[in-house]
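Spelled out, the chains give:
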Amino acid sequence: MKRYLILEDGTVFEGEAFGSPQGSTGEVIFTTGMTGYQEFISDPSNCAQILTLTYPLIGNYGINPEDFEAMTITLAGVVVREWTEQPSNFRSHRTFGELMEERQVPGISGIDTRQLTKLLRTHGSLRGKLTAAGEEPNVEEIVAELNAWSLPHDEVSRVSTQRPYPSPGRGCRVVVMDFGMKHGILRELNKRDCDVTVVPYNTSAETILAMQPDGVMLSNGPGDPTDIPEAIETVRQLIPHVPMFGVCLGHQLISLASGATSFKLKFGHRGANHPVKDLTTGRTELTSQNHGYAIDLKSLENTDLELTHIALNDQTVEGVRHKHYPVFCVQFHPEGSAGPEDSVHLFDQFIQLMHTSTKAGTLHA
Ligand SMILES: N[C@@H](CCC(=O)O)C(=O)O
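Values in this document were obtained by computation on a predicted structure and should not be read as measured data. (Residues numbered from 1 in each chain as written. Predicted model: local features only at pLDDT ≥ 70, side-chain atom pairs only at ≥ 80, totals over all residues. Heavy atoms only, no water.)

Remarks on the UniProt feature "active site" (unreviewed entry) in the protein chain
Put simply, the rule reads: UniProt positions are given in the numbering used here, feature names are shortened, and annotations may be inferred rather than shown by experiment. Segments assigned H or I by DSSP are reported as helices when at least four residues long, segments assigned E as strands when at least two residues long, and all are numbered from the N terminus. Burial classes follow relative accessibility: with a 1.4 Å probe on protein chains only, a residue under 20% of its type's maximum area counts as buried, one over 50% as exposed, and anything between as partly exposed. Residues count as neighbours in contact if any of their non-hydrogen atoms are within 4.5 Å of one another.
The UniProt record annotates "active site" (unreviewed entry) at Cys248, His333 and Glu335. Taken along the chain, the residues just named run across 88 residues; in space they keep tight, none of their C-alpha pairs more than 11.1 Å apart. By secondary structure assignment, the location of His333 is in the loop between strand S19 (327-330) and helix H10 (345-360). Overall, the relative accessible area of 2% leaves His333 in the buried class. Ignoring anything within four residues of it in the chain, the contact list for His333 reads Lys182, Asn220, Val247, Cys248, Ser288, Gln289 and Asn290. Mapped onto the elements of the fold, Glu335 is located in the loop between S19 and H10. Take Glu335: its relative accessible area is 2%, and that puts it in the buried class. Setting aside chain neighbours within four positions, we find Glu335 in contact with Lys182, Gly184, Ile185, Glu188, Val247, Glu341 and Phe347.

Quick notes on the state of the cysteines
Chemically, a disulfide is nothing more than a covalent bond linking the sulfur atoms of two cysteines. What counts here: Pairs of cysteine sulfur atoms within 2.5 Å are identified as disulfides in what follows.
This structure, assessed with the given rule, holds zero disulfides. Left unpaired, Cys47 is separated from the closest cysteine sulfur, that of Cys248, by 14 Å. On the basis of relative accessible area, Cys47 is assigned to the buried category, the value being 2%. We note that Cys329 lacks a disulfide partner, and the nearest cysteine sulfur, in Cys248, lies 11 Å from it. Overall, the relative accessible area of 1% leaves Cys329 in the buried class.

Description of the sheet that holds strand S2 (residues 12-19)
Threshold: Paired strands, as defined in this entry, are two strands with at least two bridges between them according to DSSP. With axes taken as lines fitted to C-alpha atoms, and helix axes fitted only over the stretch in contact, angles between N-to-C directions fall between 0 and 180 degrees.
The strand order around the closed barrel formed by seven strands is S1-S2-S8-S6-S4-S3-S9, and the pairing between neighbours is mixed. Ignoring which end each strand starts from, the neighbouring axes of this sheet average 35 degrees apart. Pairing of strand S3 (residues 24-31) with strand S4 (residues 49-53), which is carried by five bridges, proceeds in the parallel orientation. Directly across from Thr31, in S4, lies its bridge partner Leu53. Together, strand S1 (2-7), S2, S3, S4, strand S6 (77-79) and strand S9 (126-130) form the strand contacts of helix H3 (residues 113-123), whose direction differs from that of S3 by roughly 90 degrees.

A look at the site of the ligand
Quick note on the threshold: Nearness here has a simple test: a residue counts as near a molecule or strand if at least one of its heavy atoms is within 4 Å of that partner. In protein, a polar contact requires one atom able to donate a hydrogen and another able to accept it; more generally it is a pair of N or O atoms within 3.5 Å, and residues adjacent in sequence count only if both atoms are side-chain atoms. Method for areas: the Shrake-Rupley scheme with a 1.4 Å probe, in which residue coverage is limited to the protein chains shown. Each residue receives one of three labels: charged for Asp, Glu, Lys and Arg, nonpolar for Ala, Val, Leu, Ile, Met, Phe, Trp, Tyr, Cys and Pro, and polar for the others, Gly being one of them.
Every one of the 13 residues lining the ligand counts as a neighbour, but Ser45, Gly221, Gly223, Gly292 and Tyr293 are closest to it. Interatomic distance of 2.6 Å between a side-chain N/O atom of Ser45 and an oxygen atom of the ligand. Within the backbone of Gly292, an N or O atom sits 2.7 Å from an oxygen atom of the ligand. Calculation on the ligand without its partners gives an accessible area of 300 Å², and the protein chains cover 97% of this total. Looking at the shell around the ligand, the element that brings in the most residues is strand S16 (residues 284-295), giving four residues. When grouped by side-chain class, the residues that make up the shell around the ligand number four nonpolar, nine polar and no charged.

Focus: H3
Heads up, the condition is: To be clear, the arc concerns the directions from the helix axis to the C-beta atoms.
Within H3, the full set of buried residues consists of Thr113, Leu116, Thr117, Leu119 and Leu120. Buried positions in H3, seen along its axis, are confined to an arc of 160 degrees and lie on one side of it. Exposed positions of H3 whose direction lies more than 90 degrees from the buried face are Arg114 and Thr122. Where H3 begins, one side-chain oxygen reaches toward the backbone nitrogen of Arg114, 3.1 Å away; that side chain belongs to Asp112.

A word on the sheet that holds strand S13 (residues 215-218)
An order of S10-S12-S11-S13-S14-S19-S18-S17-S15-S16 is seen for the ten strands of this open sheet, with the pairing classed as mixed. Looking at the sheet topology across the chains shown, the edges are occupied by strand S10 (165-167) and S16. Across the sheet, the axes of successive neighbouring strands diverge by a mean angle of 25 degrees, strand direction being ignored. The pairing of S10 with strand S12 (residues 195-200) spans three bridges and is classified as antiparallel. The residue of S12 that forms the bridge with Ser167 is Val196.

Some thoughts on the packing of helix H8 (residues 229-238) against helix H9 (residues 249-257)
Here is the rule: Any angle between 65 and 115 degrees counts as roughly perpendicular, while under 35 counts as roughly parallel, over 145 as roughly antiparallel, and the rest as oblique.
Contact geometry for H8 and H9: axes closest at 8 Å, N-to-C directions at 70 degrees. For the element pair H8 / H9, the angle class is roughly perpendicular. Of the residues in H9, those touching H8 at Ala231, Ile232, Val235 and Arg236 are Leu253, Ile254, Leu256 and Ala257.

Here you go:
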């Protein structure tokens with residue numbers, strides 16, 4: 001059946017519907033990863049967004065039970081050039097389209113994703129509507145609706161865990177604040193034998209410190225970091241007391257809690273080959289990224305943070321560390337999934353930091 005993608009600037013793409021027959025509205029974004037569609041569509045950071053996959057053939061190695069980054073798919077929609085009904089891979093259990101249908105995510109195929117991406121690159125992210133399957137839309141009305149529609153502000157509360165849960169190990173005790181955690185983060189901590197407890201995003205600093213963690217990990221998550229001032233305040237309270245490692249939204253929260261400011265990027269960094277320079281070692285690493293906001297470089301001047309990583313494509317902030325406390329964070333995804341694992345050593349750095357800080361007796365001061 002026919003389906004349209006209509007953008008707030010009046011552009012209309014006509015394609016074929018798949019997945020849910022229902023329509024949806026969201027911010028239209030794009031990711032340039034050539035593989036990793038399963039990880040991308042299940043990443044809670046994409047909650048409520050309409051995701052364009054720029055690689056032209058999606059679904060060729062199917063969907064498997066192991067590669068989900070979260071079991072609930074919270075995307076508002078997905079846009080592809082083409083998806084295949086005949087995946088070929090020994091791990092595949094079903095097709096991309098079957099998953100989208102089961103999870104009730106509306107999809108559109110058969111559109112020129114290169115044209116759409118160029119448009120988003122030129123104008124910045126745009127709000128868009130995927131029409132219901134088979135519906136003939138009134139474009140003018142929809143464009144007016146889109147222009148009046150504002151982006152949601154409650155995505156983190158939609159995707160964070162409702163209750164704490166353990167992921168046991170015999171090593172360092174880590175509390176993960178779940179803002180919409182990718183399971184890749186948990187996998188990396190568990191690989192290093194951490195004894196993890198994942199807690200809801202709005203857990204208080206007092207409750208977290210009462211768990212006597214060796215370290216706190218701040219996960220990735222969707223939306224504008226300034227939408228969760230309560231979490232910024234919690235992070236601010238935690239900084240002097242416990243070693244901390246933040247990824248993506250977690251990095252933004254540590255930075256905001258330290259007095260920096262954030263801004264919305266024109267079209268975000270999404271993909272699996274973003275070069276980042278580690279200013280400590282001088283090494284450039286290829287990274288997996290997925291963010292629409294960034295920390296303002298200049299605003300770091302007003303903080304006790306120092307810049308550790310920089311994006312080589314646009315010179316934006318990719319990582320900082322605290323000058324006085326064992327706290328560091330990166331804007332990119334060191335866990336990869338999907339994407340390069342050049343920076344996975346940062347998890348080892350976190351373990352190291354927890355060991356040395358415990359020895360120095362700086363915990364729970
Ligand atoms: N929601 C934030 C962070 C993304 C993430 O943590 O994956 C952004 O878009 O900038």
